[in-house]
Amino acid sequence: MKRIYLSVGIILIVVFLTIFFRQYFSVPSKFLTEEQLIKEMKKVYPELDGLEIQNIVQLDERHVFVPFILENGSYGMASWTWEPWKKWEIHMFDSEGSPQLWTVGKESERYFIWNMPLDEQVAGINFYLIRDRNAWISGNIPIYLPRIQLEHHVAFGGQGYGVLKMPDEWVTVATWLSENEAGRTDELFSSMFSHNDLVQYGWRLVDHTGQLTYIEGNTNNNSFGYFGSSDYDQMILPLHEGEVEFGK
Amino acid sequence: VVDVDVVEWSLTLLVWIIVALLAWRIYKKQEESVKAWKIVLLMVAGLFSFSVNFPNDGGMIRLAVLPLGVMILSFVFRKKKESWSVYRKYAWLGFFANYIFLATSLLSSPIHSAIYPADQADTYIAEVNEPALRIIHPSGEVKAINEQNFEKAISKLVKTDFPSLDWYYEVEKFEPTEPKYVVEKFPYVIDGIEPKWGSGIRSIVYLEKDGKGILISSPKGQYYFRSEHVMFEEGDVE
């Protein structure tokens with residue numbers, strides 16, 4: 001009798017685990033239709049009236065980027081993730097499409113996403129990885145941190161929205177800075193103030209002559225943003241004039 | 001790409017061997033035999049302690065003060081006096097192991113710096129596989145590193161004191177002008193460098209704009225070296 005219970009129990013556990021893992025690692029068959037998308041977006045942004053979906057960009061099996069134009073003419077974007085239990089779920093909704101950094105799962109898989117209004121004088125967008133120059137003396141030991149500024153240009157080419165996977169070189173550099181750089185581990189109060197405050201990401205618009213430029217806002221005062229699930233997102237800021245350095 | 005700290009690992013291994021030998025001695029002397037897994041559990045529980053931390057040379061030193069594990073165990077076995085008199089020694093050995101660990105962690109730093117001197121370039125640059133330049137600032141120019149020149153240069157590096165703050169203010173002194181033209185002193189990072197085997201040291205090796213200076217930056221500090229030789233390809237040198 002005992003044996004029967006035991007084997008039934010084991011079979012139940014195996015069946016349960018199989019169902020669990022199949023569900024957990026399930027791959028979505030297809031993405032939502034436009035109507036479903038709009039319905040879902042209305043749940044987070046009820047004032048949504050007219051909305052034109054510009055494109056549906058699949059980053060990978062489980063992550064989708066949707067740029068759109070609102071009725072008032074402003075360019076917005078939403079992103080969706082495949083949640084094992086909840087199906088497709090809205091991850092982020094923003095009624096204006098300034099660039100954002102979307103970390104998809106692993107730290108190395110990060111995407112810049114944006115949706116900017118096209119403007120005659122704007123040719124594209126520059127993304128930046130910046131670590132500020134810094135110097136100090138701790139004890140008798142001098143420390144100098146060179147400025148790191150990496151740039152990646154994306155030409156708009158007829159569309160103001162896009163997705164850019166963070167270049168491998170950037171990931172490498174960011175990893176070096178977080179693991180190998182001076183001034184991190186041996187500061188007694190390093191948790192309280194860190195001289196070497198990691199890496200920042202930023203962006204600037206670029207005109208047809210390659211000069212940095214800006215346009216009067218896509219940003220309106222009543223922009224609305226929703227950031228749903230727990231993924232680590234990073235707002236990246238437009239850089240001011242003095243925040244980008246040039247060589248000679 | 002092995003960045004294992006061999007000194008640290010060997011010392012840890014050594015501690016466990018010592019502890020095992022001591023446990024063996026206790027075992028031999030006692031008449032009642034205790035099962036091996038019990039001995040292990042007793043020692044691990046005994047290791048548990050209230051401790052005070054001191055900062056030391058970039059790390060922390062744990063000084064065990066109160067044998068919490070031993071106290072808890074003696075409470076658990078308060079009604080089994082005979083067993084406890086046998087178990088007690090293993091529990092105390094576990095607590096004592098804290099001090100063996102402490103001793104070796106004090107030793108590890110001097111041993112490490114004897115084998116891998118922190119202020120010598122070849123600690124950080126022991127092996128070079130196709131060194132590649134990465135431009136990390138717009139003032140860097142597209143240049144290639146010459147492996148022969150590089151090896152010649154790093155064989156004769158001279159450690160040099162450097163004024164970090166002066167370097168900083170050379171560049172950052174002016175009022176923000178727009179656009180901001182800046183020449184970074186170290187606009188390159190050299191990739192493809194391995195530290196001395198077993199050192200577990202990580203570092204970033206910056207190359208100076210003139211191709212003759214390198215700034216080695218590691219979590220433990222920075223060192224600046226100058227060479228008479230330029231490390232770029234011949235054609236790249238003005």
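What counts, and at which threshold
Residue numbers run consecutively from 1 along every chain, following the written order of its sequence. Just so you know, chain letters begin at A and ligand numbers begin at 1, following the order they were written in. For this predicted model, a pLDDT threshold of at least 70 governs which residues receive local features, and a threshold of 80 or more governs which side-chain atom pairs are given and counted, while totals over whole chains, interfaces and linings are taken from all residues. Hydrogens and water are ignored here; the side-chain numbers use all heavy atoms of the structure. Each helix is a run of H or I in the DSSP string that is no shorter than four residues. Each strand is a run of E no shorter than two, and both are numbered from the N terminus. The term salt bridge refers to a pairing of a side-chain nitrogen on Lys or Arg with a carboxyl oxygen on Asp or Glu at a separation within 4 Å. For the exposure calls, accessible area comes from a 1.4 Å probe over protein chains only, and a residue counts as buried if that area is under 20% of its type's maximum, exposed if over 50%, partly exposed in between. Like charges are joined within 9 Å and nonpolar side chains (Val, Leu, Ile, Met, Phe, Trp, Tyr) within 5 Å, but only among residues with over 30% relative accessible area and no salt bridge; these make up the patches. Here the open area of atoms and residues is found with the Shrake-Rupley method and a 1.4 Å probe, where only the protein chains shown may cover a residue. For the purpose of counting charges, residues Lys and Arg are taken to be positive, whereas Asp and Glu are taken to be negative. His and the chain ends are not included. All charge positions are set by atom: Lys at NZ, Arg at CZ, Asp at CG, Glu at CD. Whether two residues are in contact is decided by their heavy atoms: any pair within 4.5 Å suffices. Buried area is a sum: the accessible area each of two parts loses on coming together, probed at 1.4 Å, counted once for each and added. Whenever a nitrogen or oxygen atom comes within 3.5 Å of another N or O atom, the pair is scored as a polar contact, on the condition that within protein one atom can donate a hydrogen and the other can accept it, and that pairs from neighbouring residues in sequence are kept only if both atoms are in side chains. Here, a strand pair is defined by DSSP locating no fewer than two bridges between the strands. Both site types are read off a 1 Å grid over the protein atoms alone. A 1.4 Å probe that fits but cannot get out defines a cavity, while an open set with protein on both sides within 12 Å along at least five of seven lines defines a pocket; lining residues have an atom within 4 Å of a point. Grid points are joined across faces, edges and corners, and a volume is the space filled by probe spheres set on the points. When residues are sorted by character, Ala, Val, Leu, Ile, Met, Phe, Trp, Tyr, Cys and Pro go into the nonpolar class, Asp, Glu, Lys and Arg into the charged class, and all the rest, Gly among them, into the polar class.

Novice: I would appreciate a short explanation of unusual backbone geometry in the present structure.
Specialist: The general pattern is negative phi for most residues beyond glycine and trans for most peptide bonds. Residues other than glycine seldom take positive phi values, yet Glu-130 of chain B does so here, at roughly 40°. For Glu-130 of chain B, the position within the fold is in strand β3 (residues 127–135).

Novice: Honestly, the pattern of salt bridges in this entry has me stumped. Any pointers?
Specialist: Two side chains of opposite charge can pair, provided their charged atoms sit close to one another. What the rule picks out here adds up to 15 salt bridges over all chains. Here Arg-226 of chain B and Glu-208 of chain B are joined by a salt bridge, their closest N and O atoms 3.0 Å apart. In this pair, Arg-226 of chain B is assigned in strand β9 (residues 221–226) and Glu-208 of chain B in the loop between β7 (204–207) and β8 (213–218), connecting sequence segments 18 residues apart. Given a relative accessible area of 24%, Arg-226 of chain B falls into the partly exposed group. One salt-bridge network, in which partners are shared between bridges, spans Asp-132, Arg-133, Arg-147 and Glu-245 of chain A together with Glu-172, Lys-180 and Glu-184 of chain B.

Novice: What am I meant to see in a positive patch on the surface here?
Specialist: Residues and elements named next belong to chain B. Residues Arg-25, Lys-29, Arg-88 and Lys-89 make up a contiguous surface patch of positive charge. Those elements that place two or more of their residues in the positive patch are α1 (6–29) and α4 (81–115). Within the secondary structure layout, Arg-25 lies in helix α1.

Novice: What's the story with the interface of chain A and chain B in this structure? I'm lost.
Specialist: Where interface size is quoted, it is often the accessible area lost as the parts come together. At the interface, 34 residues of chain A touch 37 residues of chain B. Approximately 3,200 Å² of surface area, both sides summed, lies buried where chain A meets chain B, with 60% of it carried by carbon and sulfur atoms. The largest contributions to the chain A side of the interface with chain B come from Arg-133, Tyr-144 and Trp-176 of chain A, which together make up 21% of the buried area. For Glu-184 of chain B, the salt bridge identified is with Arg-133 of chain A, shortest N-O distance 2.8 Å. Viewed at the interface, chain B and chain A are joined by 16 residue pairs in polar contact (both at pLDDT 80 or more).

Novice: Help me understand the pairing of strand β13 (residues 200–207) of chain A, please; the structure alone is not making it clear to me.
Specialist: Side chains on a regular strand alternate between the two faces of the sheet. All names here are of chain A. Counting buried positions over the eight residues of β13 gives seven, a clear majority of the element. Where β13 lies against strand β17 (residues 237–238), two bridges are found, and the strand directions are parallel. Across the sheet, Trp-203 pairs through a bridge with Pro-238, a residue of β17. Direction of pairing for β13 relative to strand β14 (residues 212–213): antiparallel, over a ladder of two bridges. Across the sheet, the residue bridging to Val-206 is Leu-212, located in β14.

Novice: Please clarify how the layout of surface pockets should be interpreted in this entry.
Specialist: The probe, sized like a water molecule, is rolled over the atoms to show the empty space still left. Reported here for the second largest pocket is a volume of approximately 440 Å³. Forming the walls of the second largest pocket are 20 residues, and the residues nearest its centre are Trp-176 and Asn-180 of chain A together with Ile-193, Pro-195 and Ser-203 of chain B. Put simply, the parts of the chain that give the lining of the second largest pocket at least two residues each are α3 (168–179) of chain A together with β6 (188–194) and β7 of chain B. Sorting elements by how many residues they give to the lining of the second largest pocket places β6 of chain B first, with six residues. Among the residues forming the lining of the second largest pocket, the class breakdown is 11 nonpolar, four polar and five charged.

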